[in-house]
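# Structural description and commentary
What follows is the residue order along each chain.
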Amino acid sequence: MLKITTKKFLRKLITEKKIKLVNQNYKISKSYSNKTKNCQKAANLLYKNNLYENSITEAYFGMYNSTISLFFKMGIKCDNHTGAILFLKYLLKKEKLSNELNKFKEQRIDKQYNINENFNKKQCLQLIIESNLFIDNINFLKSNINIKLIDNIKEKFNSLKNRFYFFFILLK
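Residues numbered from 1 in each chain as written. Predicted model: local features only at pLDDT ≥ 70, side-chain atom pairs only at ≥ 80, totals over all residues. Heavy atoms only, no water.

## Section: the packing of aromatic side chains
What counts, and what does not: Aromatic contacts are taken between Phe, Tyr and Trp rings whose centres are within 6.5 Å, Trp giving its six-membered ring; a plane angle under 30 degrees counts as stacked, one over 60 as edge-to-face, and the others as tilted. What counts as a helix is a DSSP run of H or I of at least four residues, what counts as a strand is a run of E of at least two, and both are numbered from the N terminus. For every residue, the accessible area obtained with a 1.4 Å probe (protein chains only) is divided by the maximum for its type, and the residue is called buried under 20%, exposed over 50%, and partly exposed between those limits.
Across all of its chains, the model carries 6 aromatic pairs by this definition. Ring plane angle 10 degrees and centroid distance 5.8 Å describe the contact between Tyr-32 and Phe-72, whose orientation is recorded as stacked. Of this pair, Tyr-32 sits in helix α2 (residues 26–48) while Phe-72 sits in helix α3 (residues 52–74), and the two are 40 residues apart along the sequence. When its relative accessible area of 23% is taken as the criterion, Tyr-32 is described as partly exposed. Ring centres 5.7 Å apart and planes at 50 degrees place the aromatic pair Tyr-47 and Tyr-52 in the tilted group. Put simply, the rings of Tyr-60, Phe-61 and Tyr-64 pair up and form one aromatic cluster.

## Describing the nonpolar core
Filter applied, for reference: Working definition of a nonpolar core: buried Ala, Val, Leu, Ile, Met, Phe, Trp, Tyr and Cys residues. They are joined through side-chain atoms within 4.5 Å. Contact definition: two residues touch when any of their heavy atoms are within 4.5 Å.
If you look at the biggest cluster of nonpolar residues, it comprises 43 residues, and the most contacted ones within it are Ile-19, Leu-70, Phe-71, Phe-87 and Leu-88. Listed by contribution, the elements that provide at least two residues to this core are α1 (4–15), α2, α3, β2 (76–78), α4 (81–91), α5 (95–113), α6 (121–143) and α7 (147–171). The element best represented in this core is α3, accounting for 11 residues. Each residue touching Leu-70, except ones within four places of it in the same chain, is listed here: Leu-88, Leu-92, Ile-138, Leu-141, Lys-142 and Ile-145.

So, in structure tokens, the structure goes:
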């Protein structure tokens with residue numbers, strides 16, 4: 001069961017059309033897959049050049065782009081990082097992937113906006129490995145998408161959306 005604040009947030013994103021159902025789009029999905037690969041390359045280049053904090057930022061965006069690629073392949077458009085994390089957890093029931101993406105989002109924010117003098121090469125390498133495993137798991141999900149899964153997700157999405165609209169009408 002979704003927490004009430006999580007439901008409200010997802011419904012807000014749906015109302016604002018930050019998350020919406022779209023036609024499955026393999027071309028856009030492929031474009032995000034290419035962005036993912038570029039982020040992975042950038043993360044590795046930055047790591048090799050001792051730019052560890054910047055490397056984690058690229059690793060995170062590789063993970064986020066792979067998630068968006070999955071969504072487009074399923075017929076979902078999501079323009080919000082937290083929304084993508086919640087969508088993975090509550091509508092796709094991929095809690096572990098959701099938690100990993102959230103952890104990396106927090107790491108990215110920390111590395112981008114704070115001074116991290118103790119962040120070292122070993123820690124960075126471990127995070128890059130974890131990000132690559134996440135992307136592999138998302139690619140596995142993408143390769144196993146079927147019409148039944150898509151219909152199930154769309155049904156859950158519409159249920160969430162419709163309950164919100166019903167509640168909104170009652171408030172008027």
